[in-house]
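Structural overview for review
What follows is each chain in one-letter form.
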Amino acid sequence: MWALSAVGVNCEQEPDRLLPIAREMRKAVGVPIAAQPAAFRTTDANPCFTRLAQFPDELEAIQLPRSSFELFAEKAKAEAFSS
């Protein structure tokens, strides 16, 4: 048997969509959470950037400003230490 050191969620979704996923993970586990949001805008109909019609060759490299990631990190850090 092995013990978890951390769990994580990858970069399929933008910061605003990834934070609720990390919140649900936090409720389910007692180990650190790793979360890396993507720099692409997604929609409710198409929540993962790899499913966008433009992926991979016509998708702009970065669609979100750096401030989106700064805000994500601030919220995630605040929530991680409040639980």
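This is a predicted model, so every value here is computed, not measured.

Quick notes on the rules
- Residues numbered from 1 in each chain as written.
- Predicted model: local features only at pLDDT ≥ 70, side-chain atom pairs only at ≥ 80, totals over all residues.
- Heavy atoms only, no water.
- Phe/Tyr/Trp six-rings, centres within 6.5 Å; stacked < 30°, edge-to-face > 60°.
- Buried < 20%, exposed > 50% of the residue type's maximum accessible area, 1.4 Å probe, protein only.
- Helix = DSSP H or I, 4+ residues; strand = E, 2+ residues; numbered from the N terminus.
- Expected span 1.5 Å × (residues − 1).
- Arc of directions from axis to C-beta.

Turning our attention to the packing of aromatic side chains. For the structure shown, the criterion picks out two aromatic pairs. Arranged with centres 5.7 Å apart and planes meeting at 80°, the rings of Phe49 and Phe55 form a pair that is edge-to-face. Take Phe49: its relative accessible area is 10%, and that puts it in the buried class. Assessed through its relative accessible area of 36%, Phe55 is described here as partly exposed.

This paragraph deals with helix α1 (residues 15-28). The terminal C-alpha atoms of α1, which comprises 14 residues, lie 20 Å apart, in line with the 20 Å expected from a rise of 1.5 Å per residue. Every buried residue belonging to α1 is among Pro15, Leu18, Leu19, Ala22 and Met25, and all of these are buried. Buried residues in α1, looked at end-on, bunch into an arc of 120°, giving them a common side. With respect to the buried face of α1, the exposed residues turned more than 90 degrees away are Asp16, Lys27 and Ala28.

Take it as geometry only, folks, not as evidence of what the structure does.
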